[in-house]
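Listed below, chain by chain, are the residues.
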Amino acid sequence: MAKKSSLNVLYLVGMALVALGFVLTGFDLVGDGDTALKIYTLLIFIGGIAGVVLSFVKVQNAKLLKLAALLVSIIGFVLVVVSIVHSDGAAIIKGLNLGKKTVSFIFKSLYAGSYMIVAGWIIAIAGFVTGK
């Protein structure tokens, strides 16, 4: 019988997509806004990288740490959205060229990295839940 690999491939691929998607998109946001917004934006990347690293490193409570990395990434995104809505959102949205467009055109204006981040979260959640 073949030895079962302990590597959670779906989780690893999902978190790698989050990190890669951030590299394609997120650094544009890090330059804008206040310090809190920069930190919130970097949480998305930090969570993705931590998830990738935790996929290869054997530690106690690895499953809990992987969940924490995934949640840090998602919470970072939620904090970015809240920060944009409540503070200088108009300037940031204008900088992203979303200014006067309607909600139906926002998804057309997002960068490919944003879609990779969302797809990465979905894949990572599926990998975390199934353990595959």
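Residues numbered from 1 in each chain as written. Predicted model: local features only at pLDDT ≥ 70, side-chain atom pairs only at ≥ 80, totals over all residues. Heavy atoms only, no water.

Glancing now at the overall build of the protein chain. When its secondary structure is counted, the protein chain shows six helices and zero strands. N-terminal to C-terminal, the α/β element order of the protein chain is α-α-α-α-α-α. For the protein chain, the proportion of its 132 residues judged to be buried stands at 33%. Sequence-distant contacts in the protein chain: of pairs separated by 6 or more residues, those separated by 24 or more amount to 76%. Summed over all atoms, the accessible surface of the protein chain reaches about 8,100 Å², with 73% contributed by carbon and sulfur. (Helix = DSSP H or I, 4+ residues; strand = E, 2+ residues; numbered from the N terminus. Buried < 20%, exposed > 50% of the residue type's maximum accessible area, 1.4 Å probe, protein only. Contact = heavy atoms within 4.5 Å. Areas by Shrake-Rupley, 256 points an atom, 1.4 Å probe, with all protein chains shown as cover.)

With that settled, the discussion passes to the environment of Val 80. Summarising the element assignment, Val 80 is placed in helix H3 (residues 62-86). The spatial distance from the C-alpha of Val 80 to the C-alpha of Ala 36 is 8.8 Å, given a sequence separation of 44 residues. Setting aside anything within four residues of it in sequence, one finds Val 80 in contact with Leu 37, Tyr 40 and Thr 41.

On average, residues of the protein chain score 79 in pLDDT, and 69% of them are at 70 or above. Taking the mean pLDDT of every element in the protein chain, the minimum, 50, falls on helix H5 (residues 103-109) and the maximum, 91, on helix H6 (residues 112-130). (pLDDT = per-residue confidence, 0-100.)

Turning to the packing of aromatic side chains, a few remarks are in order. This structure, assessed with the given rule, holds two aromatic pairs. Of note, Lys 63 hangs over the ring of Phe 128, and the distance from its end group to the ring centre comes to 5.2 Å. (Phe/Tyr/Trp six-rings, centres within 6.5 Å; stacked < 30°, edge-to-face > 60°. Lys NZ or Arg CZ within 6 Å of the ring centre and 35° of its normal.)

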